[in-house]
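What follows is each chain in one-letter form.
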Amino acid sequence: MATRAASKAGTWYEEDPEKLNLQLKGYLKAVPSSVDGVPVPIPGARIVIAPHAGYDYSGKCAAWAYKTLDLSKARCVFILGPTHTYGFSGCAATTFGKYATPFGDLTIDRETVQKLKEAIDVEEVEIEDMRKKNEEGEHSLEMHMPYLYLRCQETFDSPDQFPNIVPLLIGSTDGGDEKAIGRALLPYIMDEANAFIISSDFCHWGDRNFSYSVYSPTGSLSDLVKLRHWQPKPWGLPIHETIRAVDEAAMDAVKSGNHAAFLDSLQQTRNTVCGRHPIGVMMAALELLSEEPEYEGKGRFNIIQYQRSTLVDEPDDFSVSYVSAYAVV
């Protein structure tokens, strides 16, 4: 089957494998050798949330998620990302056979893709094949492939031992759809041979860039107003403190393990978390997992890194927020 080209190589990240290797290994080396008091990779940390912007912006943050990711038993890695190139309901599965990276190709588990499509269809959620042209332009999946390849190189002796991958785009979903897709994924989460990467940036702030420019002079979520790019600098707390507040509300909801709390947080602040649906799917699945006695106390996300592309002070500025997290299952 066809190989999905590394279409963002040379623009969003280095195309030269030696330069890319040097950059990503530098980011990984900067992460401490232990996180939350546990040496990395963290045993059982088979699920991570990581950003998907250009590596110059989010690569340092993403390194934290990838440094904790436990691939030691992985035979398959699921990558769940949002769609930026076209809209659809439910979710969409890849039709490619491989994903190219500057380091080498990652092979798609076509058998698992088909089984997952059937399981999601049983849940009466729409699942379609990704449009090839749109998938080739979609960065939310691609930006994870070089990091994943590098971590596989660190974990396994040779590429023929690397786990296969299952790329999945999550489109327009409500809470019920996210729970249904989560149910379909639950058996795979319970199998220690599977790992999961949830692709998401957090707040996209900017009046002209993202049509999201909330502000609170007190840093409270109860008095948010919309700033316009032509307004003067506000008199209260810096704008970036409001951005932190709306992101922290979302991050607290993610850490809670409560799917409904996450949806409620986004409804309250309208935070532009672009991977809110992939996160929602995984939170719904992990909430179901927590009902199983053997998984009591597991499956909660730990937020380990929060960064922003810039600290906004002026209404005509913009920024994107990045988060790394892991969950032990």
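Quick note: structure is the one above.
Residues numbered from 1 in each chain as written. Predicted model: local features only at pLDDT ≥ 70, side-chain atom pairs only at ≥ 80, totals over all residues. Heavy atoms only, no water.

Participant: What's the story with the overall build of the protein chain in this structure? I'm lost.
Facilitator: If you tally the helices and strands in the protein chain, you get 11 helices and 16 strands. Its C-alpha atoms give the protein chain a radius of gyration of 19 Å, near enough to 20 Å, the size a compact globule of 329 residues would have. Across its three principal directions, the C-alpha atoms of the protein chain cover 60 × 45 × 45 Å. Burial status across the protein chain gives 56% buried among its 329 residues. Restricting the contact set of the protein chain to residue pairs at least 6 apart, pairs at least 24 apart contribute 79%. Roughly 13,700 Å² of accessible area belongs to the protein chain as shown, and the carbon and sulfur atoms make up 47% of that amount. The protein chain carries 31 positive and 46 negative side-chain charges, and their two centres are separated by 3 Å. (Helix = DSSP H or I, 4+ residues; strand = E, 2+ residues; numbered from the N terminus. Rg over C-alpha atoms; globule rule 2.2 N^0.38 Å. Buried < 20%, exposed > 50% of the residue type's maximum accessible area, 1.4 Å probe, protein only. Contact = heavy atoms within 4.5 Å. Areas by Shrake-Rupley, 256 points an atom, 1.4 Å probe, with all protein chains shown as cover. Lys, Arg positive; Asp, Glu negative; His and termini not counted. Charge placed at Lys NZ, Arg CZ, Asp CG, Glu CD.)

Participant: Would you mind going over helix α7 (residues 175–189) with me for this structure?
Facilitator: Along an α-helix, a turn takes 3.6 residues, which lines up residues three or four apart on a common side. The axis of α7 is deflected most strongly, by about 35 degrees, at Arg-183, and proline Pro-187 appears within four residues downstream. Sitting at the amino-terminal end of α7 is Asp-174, which places a side-chain oxygen 3.1 Å from the backbone nitrogen of Gly-176. (Bend = angle between axes of the 7 residues up to and from the residue. Polar contact = N/O pair within 3.5 Å; in protein donor to acceptor, adjacent residues only side chain to side chain.)

Participant: Explanation requested: the sheet that holds strand β7 (residues 98–101) in the structure shown.
Facilitator: Read across the open sheet, the 3 strands follow the order β1-β7-β8; overall the sheet is mixed. Each edge of the sheet is formed by a strand with only one pairing partner; in this case those strands are β1 (3–4) and β8 (104–107). Sheet analysis places β1 next to β7, joined by 2 bridges and oriented parallel. Within β7, the position partnered with Thr-3 by the bridge is Lys-98. Packed onto the sheet, helix α6 (residues 145–155) meets β7 and β8 and runs at close to 90 degrees relative to β8. (Pairing = 2+ DSSP bridges. Axes fitted to C-alpha atoms, helices over the stretch in contact; angles between N-to-C directions.)

Participant: I tried to follow the pattern of salt bridges on my own but got confused; where do I start?
Facilitator: Oppositely charged side chains can pair when the atoms bearing their charge come close. Taken as a whole and assessed by the stated rule, the structure comprises 10 salt bridges. A salt bridge links Glu-142 to Arg-4; its shortest N-O distance comes to 2.5 Å. With a gap of 138 residues between them, Glu-142 in helix α5 (residues 139–142) and Arg-4 in strand β1 connect regions that are remote in the sequence. We note that Glu-142, like Arg-4, is buried. One salt bridge in this structure joins Lys-255 and Asp-252, with 3.6 Å as the shortest N-O distance. Of the two residues, Lys-255 and Asp-252 both sit in helix α9 (residues 239–256), 3 residues apart, roughly one turn of that helix. (Salt bridge = Lys/Arg side-chain N within 4 Å of Asp/Glu carboxyl O.)

Participant: Looking at this model, I keep getting lost on the side chain of Thr-94. Mind explaining?
Facilitator: You can see Thr-94 is positioned in the loop between β6 (91–93) and β7. For Thr-94, the side chain forms a polar contact with the main-chain nitrogen of Phe-96, separated by 3.1 Å. Excluding residues within four positions of it along the chain, Thr-94 makes contact with Tyr-99, Ile-108, Arg-110, Val-113, Met-130, Glu-135 and Pro-167.

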